[in-house]
Amino acid sequence: MSVPLRRLFLASLLRRRLASALSLLAIALGVALGLAVHLIHGAALDEFGRGMRAVAGEADLQVVGPRDGFDEGLFVTLARRPEVAAASPVLEIEARLPGREESLRILGVDLFRVLRVQPGLMPLADGGGGDDVRFAALRPGVVFLSDDAHQRLSTPGRSAEGEALPPALTDTRIAVQSGVRSLVLEAGGRVPGASGVLGVMDIGAAQLAFGRIGVLSRIDLRLAEGVSPSAAQAALSALLPPGIALRAPEAAAGELGSLSRAYRVNLTMLAAIALLTGGFLVFSTQLLSVARRRREFALLRALGLVRAELMRGLLAEGAAVGVVGGLLGVALGHALAAGAFRLVGGDLGAGFFRGVAPQLAFDPAASLAYLLLGVFAGIAGTWLPARAAAAVAPARALRAGEGERAGLPRGDGRGRLGAAMLVFAVLACLVPPLGGIPVGGYAAVVFVLAAAILALPVLARFVLPLLAHGRSVTWRLAHARLAAAPGQAVVAGAGVIASVALAVSMAIMVNSFRVSVDEWLAQVLPADLYVRASVASGSGYLDPQALAAIAATPGVARVDTTRLINLRLSDAEPLFSVLARPAQGNWGLPLVSGAMEPVASDAEGLPPAWVSEAAADRHDLARGSRFELPLGGRMQAFRVAGVWRDYARQHGAALIESRDYVALTGDDRVNDAALLLEPGATPAAVAQALRERFGAEHITIALPGEIRAISLEIFDRTFLITYLMEAVAVVIGLFGIATTFAALAATRQGEFGMLRHLGFTRAEIGRLIATEGALTAGLGVIAGLAGGAAIAWVLIEIINRQSFHWSMELAVPWGGLAIFALSLVLLAALVARLAGRHAMRQSAVLAVKADW
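Residues numbered from 1 in each chain as written. Predicted model: local features only at pLDDT ≥ 70, side-chain atom pairs only at ≥ 80, totals over all residues. Heavy atoms only, no water.

Undergrad: Can you lay out the overall build of the protein for me, pointing to particular residues and giving the numbers?
TA: If you tally the helices and strands in the protein, you get 30 helices and 25 strands. With 852 residues in all, the protein has 54% of them scored as buried. Across the protein, the fraction of contacts at a sequence separation of at least 24, relative to all contacts at a separation of at least 6, is 82%. Summing over all exposed atoms, the protein offers an accessible surface of approximately 35,700 Å²; the carbon and sulfur share of this is 61%. (Helix = DSSP H or I, 4+ residues; strand = E, 2+ residues; numbered from the N terminus. Buried < 20%, exposed > 50% of the residue type's maximum accessible area, 1.4 Å probe, protein only. Contact = heavy atoms within 4.5 Å. Areas by Shrake-Rupley, 256 points an atom, 1.4 Å probe, with all protein chains shown as cover.)

The structure is reproduced here in structure tokens:
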């Protein structure tokens, strides 16, 4: 194509400034959302990986096991192996700071071995260094802080209730929690090679201080010269007890990446749908542009322009919109990621990277990929209008009235094609997940969207006759116009359908999830009061003496406990949760199958276990199945008694009886206690007595209602980014209404002029355009509601089930959907009226001049 022709086509974008601006903005928003999610997750994962790498130092392999640790006797076995040049034992403690939200990660290390494997963890005494620092660090209660930890702990903090607190570090002293008491540590110096809020102690002192004698969290190995990691793994894996893995240090970042993958992919798919909606907007604007420029194309064809050149010129217009929109989206995506880092750090909203503070870095590969997606959206949105324009003969293009009909979808074939899309959607739902990603579910969403859009002309033919009884002249004119050209509804309604279907489907899914979570919390929290020393991996715990004191508190009738541990079932799987508590107690268990009684026909006498839906899906379990868990350094078999719903642990959990767990492991620590009160006892009085007994800073006491409120608040915060993406899609749909009616109004200036001669005022013509916009949006909303309901089913039964292994009950927010639909129709009428205002400004005489 010659340069003058290329300029001719691209100049048309400048003549349609509003439509072009809205089209490229829609593409930019879709690109920006997808790229921002990618950048945020990638930077957070890289920062987490760098932190793990820095802590691992020069280690080639790491021996890791349950989060609560394993027997330190394994260290002696591995350190003597010829494949190992140096081994460094590590005890990791998430030390709770009493009464505060933040915690201090403490690594207990062997100060005489750490320099050979993890030199970055070598402490440095205040005022200098030397070999004597290792002897000074052997004193009990001495901790060496990283620069980040020193800065964080020297600033005022916040309590769990949000109250301002003095700095945790005062005069080189810091209080941490061990069990239900405070332990004062002395800050003996710095760890200049460490990053993050981190402290280093002698491993023996750490084991003694936190009651972890004989326990290690991991062993870092530096291999002998000439030994490859793969060869070492093959030689050493056979020496490891069940539940212990040997892996590369960077595998921790990969494990966290797999944990957040499903959530990240779902957010990316939302961004992709927003980009798809932008493609529909490009389609509608280009289709109407082709209709308006029919005479221009006919003249160019008569002057020798061939069909292929015409099509290439129109595709160049779409590509230009995609390029500009993609570049704007790349810039906006980096800006969104930078803003997210400043406001909430690297957390995507689901808590996977809470506390990670990454730095934004330009990702050329991802930026180029999302830029190309924007270009593809522009070209794909232009392809059908370009093909239709190239197929029209010049003589036909000059016919009066052809411009308003040219290229507008019509015919029964599209109804049949829509039915075929629904069949494809059903078949896609039968496809199993690929690598844990519900590819079939996402394909079904695309097919349902296509079916809803293709069904719009059929819907218009059925619905419009039902609306033909209005008495207003404006209503009758608007109805007649839309009934005569139903393809107009397709052009304007395509983006509306996509955005409404997305918003409705997510509203139904999120509401169903929220209602199910609320009901689940009501089932799992049946007690009167709940007491916690710290989270499962924290340094706080309830020992038998603390439990006896709780049981002896006036007003307490019964105490039931929970011990939560995280096990490693295999090298490739994320950590698996095990809850040890009485099956018949103050803790509810929302069963979906099975019963609370053990399997009666168990001839082997295996203890019972109740597994979550995720565990049942991942390990193909049902009532009566045999399931083995690595407990106490060996594999212990259980008999599955039931399957229960669990929204707290994505990768599976099992519940076993407390007495079975203690008998197998000897671990009598407890994370949480559920209290049933005596008749007449008030939760407030019992809570106050417990705070006086243990100290308010050492325990967390909550009512079931408070836990439910906090959990639902976290739920809403998790889905905040989802709501924002829905809003973007709806805005893009309104863009489609605006650009469509702006283009249609420009082609109907003669019609508006005749109406002015017949007595219509500008205000009445404005109401006519608004009515047409409302009718068009109404049809799009109806199709979007139907498509959204179908997509919601796919999200609940296919995508969420395959991604997170959660089931939920369908709960449709009827009132919210009705308000949303009505508001969208009213907004569509408003934007249509605003978009057509330019066509009403021309005088009635000049508007009909072309017809004289």
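Undergrad: Tell me about the side chain of R649, residues and numbers included.
TA: By secondary structure assignment, the location of R649 is in the loop between β22 (634-644) and β23 (653-656). Residue classification places R649 among the buried residues on the basis of a relative accessible area of 19%. Engagement of the side chain of R649 in a polar contact is seen with the side chain of D646, the distance being 3.0 Å. Excluding residues within four positions of it along the chain, R649 makes contact with L564, S577, L579, A614, W644 and W806. (Polar contact = N/O pair within 3.5 Å; in protein donor to acceptor, adjacent residues only side chain to side chain.)

Undergrad: Quick rundown of the packing of helix α17 (residues 456-463) against helix α27 (residues 762-804)? Include the residues and the values.
TA: Where α17 contacts α27, the two axes come as close as 10 Å, and the packing angle between them is 115 degrees. Every pair of crossing elements has a handedness; the one defined by α17 and α27 is right-handed. On α27, the residues touching L456, L459, A460 and V463 of α17 are L779, G780, I782 and A783. (Axes fitted to C-alpha atoms, helices over the stretch in contact; angles between N-to-C directions. Left-handed = near helix turned anticlockwise from the far one by under 90°.)

Undergrad: Before we move on, could you go through the nonpolar core and cite the residues and values that matter?
TA: Counting residues in each nonpolar core, the largest one holds 41 residues, and the members touching the most others are V63, F210 and I219. Broken down by element, this core gets its largest block of residues, 5 residues, from strand β3 (residues 84-96). Among residues more than four places away in sequence, those in contact with V63 are F70, L74, L78, S217, R218, I219, L221, L240, I244, A245 and L246. Y530, F719, I799 and M808 belong to the second-largest nonpolar core, a separate cluster that totals 38 residues. (Core = buried A, V, L, I, M, F, W, Y, C linked by side-chain atoms within 4.5 Å.)

Undergrad: So what about the pairing of strand β24 (residues 672-677)? Which residues, and what values?
TA: On any regular strand, side chains alternate: one points to one face of the sheet, the next to the other face. Of all 6 residues that make up β24, 5 are buried, and the element is covered over most of its length. Bridge analysis of strand β16 (residues 529-532) against β24 gives 4 bridges, and the strand direction is antiparallel. The residue of β24 that forms the bridge with R532 is D672. (Pairing = 2+ DSSP bridges.)

Undergrad: Just give me the short version of the packing of aromatic side chains, but keep the residues and values in it.
TA: Tallied over the full model, the rule gives 7 aromatic pairs. With 5.6 Å between their ring centres and 50 degrees between their planes, F424 and F447 make a pair best called tilted. Here F447 lies in helix α16 (residues 439-454) and F424 lies in helix α15 (residues 413-429), a separation of 23 residues in the sequence. Relative to F627, the ring of F576 lies with its centre 5.8 Å away and its plane at 70 degrees, an arrangement referred to as edge-to-face. (Phe/Tyr/Trp six-rings, centres within 6.5 Å; stacked < 30°, edge-to-face > 60°.)

Undergrad: Could you give me a rundown of unusual backbone geometry, with the residues and numbers involved?
TA: Even without a glycine there, the phi angle at D171 is positive, about 55 degrees. The residue D171 is located in the loop between β9 (169-170) and β10 (173-178) in this model. Phi at D620 is positive, roughly 55 degrees, even though this residue is not glycine.

Undergrad: So what's going on with a nonpolar patch on the surface? Residues and values would help.
TA: A contiguous nonpolar patch, built from V423, F424, L427 and L430 and spanning about 400 Å² of accessible area, is present on the exposed surface. Tracing the sequence through the fold places L430 in the loop between α15 and α16. (Patch = residues over 30% accessible without salt bridge, like charges linked within 9 Å, V, L, I, M, F, W, Y side chains within 5 Å. Salt bridge = Lys/Arg side-chain N within 4 Å of Asp/Glu carboxyl O.)

Undergrad: Which residues make up the pairing of strand β12 (residues 198-202), and what are the values?
TA: Most of β12 is tucked away, with 5 of its 5 residues classed as buried. Direction of pairing for strand β4 (residues 103-109) relative to β12: parallel, over a ladder of 5 bridges. Each residue of the ladder has a partner; that of I106, found in β12, is G199. As judged from the 2 bridges shared by strand β6 (residues 142-145) and β12, these two strands associate in the antiparallel manner. Note that in β12 the partner of F144 across the bridge is V200.

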